[in-house]
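The chain contents come next:
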Amino acid sequence: MLKEERQQTILREVDLHNRILLTDIAETLDVSIDTVRRDVKELDAENKLRRVHGGAISLGFTTNNTRNSNIYKQKEKMVIAEKALALIKEGGVIFLDGGTTCLELAHLIPTEIELTCFTHSLPVAMELLTKPKITVILVGGQVSGESQTAIGANAIHNLAEIKVDFSFIGTGYVDSHYGLTEFDWDIVQVKKAVIKCSKKTVLLSISEKLNSQHRYKTCDINAINTLVTELDPENDLLNSFRNHDIRIL
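Only a predicted model underlies this, so the values are computations on that prediction, with no experimental measurement involved. (Residues numbered from 1 in each chain as written. Predicted model: local features only at pLDDT ≥ 70, side-chain atom pairs only at ≥ 80, totals over all residues. Heavy atoms only, no water.)

Digging into the side chain of Ser147
So, step 1. In this fold, Ser147 is placed in the loop between β7 (142-143) and β8 (150-151).
So, step 2. Polar side-chain contacts of Ser147 include one of 2.6 Å to the side chain of Thr149. (Helix = DSSP H or I, 4+ residues; strand = E, 2+ residues; numbered from the N terminus. Polar contact = N/O pair within 3.5 Å; in protein donor to acceptor, adjacent residues only side chain to side chain.)

Below is the structure:
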């Protein structure tokens, strides 16, 4: 595989999943970790991604600006956010996860709606603070410099003390058989706590993530009440999810 092809694969994977590990990409491309490390270093120098210890993260995942032009598949994520918005009701209590799709949902919430929103995401909290009728409660803990979300024991403890009507979450990987998975153990523990504190959990995911999996399991697919993608709910790509007790939007 040519260097240009390798680097395009790296960019696609980092944009799709927000974060990647060098070991995973080396295995996918069947090259050495040193080769991938050099590719990532070059892509970082060209400002196409950000290199971090042991991997890389997308530029759309790292910005401090809530209206970011680097978001991968932003139009599709806007469609997902518009569908999810219909689930948010006046006076509700919700949780909004970190990640670019949940950030799109935060942006779309009308300024006139009264709502209580918990989040562990700094960018999501900053976006919600522009809406004066929303009570924003930031779930605290150790802040991940990569995802800009609170992680660790304190965040998990805080989540155990609340109950929300809906949680809107993202995931790195989702499969109808294996459920939701991630490569980051700390992120998995927080998502588990989010699901546990939610009356209903809504998964927001672009269709490219369907039928993918990684090391650490967040939950079975049946723990999700609603799956929201940019696809028409009757699309054949969603057929394997219809065998489960999940609402598809």
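With respect to the environment of Thr119
So, step 1. Position of Thr119 relative to the elements: it lies in strand β5 (residues 115-119).
So, step 2. Thr119 gets classed as buried once you look at its relative accessible area, which sits at 0%.
So, step 3. For the pair Thr119 and Ala26, spaced 93 residues apart in the sequence, the C-alpha separation amounts to 34 Å.
So, step 4. Filtering out sequence-adjacent residues up to four positions away, Thr119 remains in contact with Phe95, Leu96, Asp97, Val124, Ala125, Ile137, Leu138 and Val139.
So, step 5. A distance of 2.7 Å separates a polar side-chain atom of Thr119 from the backbone oxygen of Leu96. (Buried < 20%, exposed > 50% of the residue type's maximum accessible area, 1.4 Å probe, protein only. Contact = heavy atoms within 4.5 Å.)

Considering the nonpolar core
So, step 1. If you look at the biggest cluster of nonpolar residues, it comprises 29 residues, and the most contacted ones within it are Phe95, Leu159, Ile169, Val174, Leu180, Leu203 and Phe241.
So, step 2. Within the residue set of this core, elements represented by two or more residues are β8, α8 (153-160), β9 (164-169) and α9 (185-196).
So, step 3. With five residues, the top contributor of residues to this core is α9.
So, step 4. The residues touching Leu159, leaving out its near neighbours within four places in the chain, are Phe95, Val139, Val190, Ala193, Val194 and Cys197.
So, step 5. If you look at the next biggest cluster of nonpolar residues, it comprises 27 residues, including Leu87, Ala106, Cys117 and Leu204. (Core = buried A, V, L, I, M, F, W, Y, C linked by side-chain atoms within 4.5 Å.)

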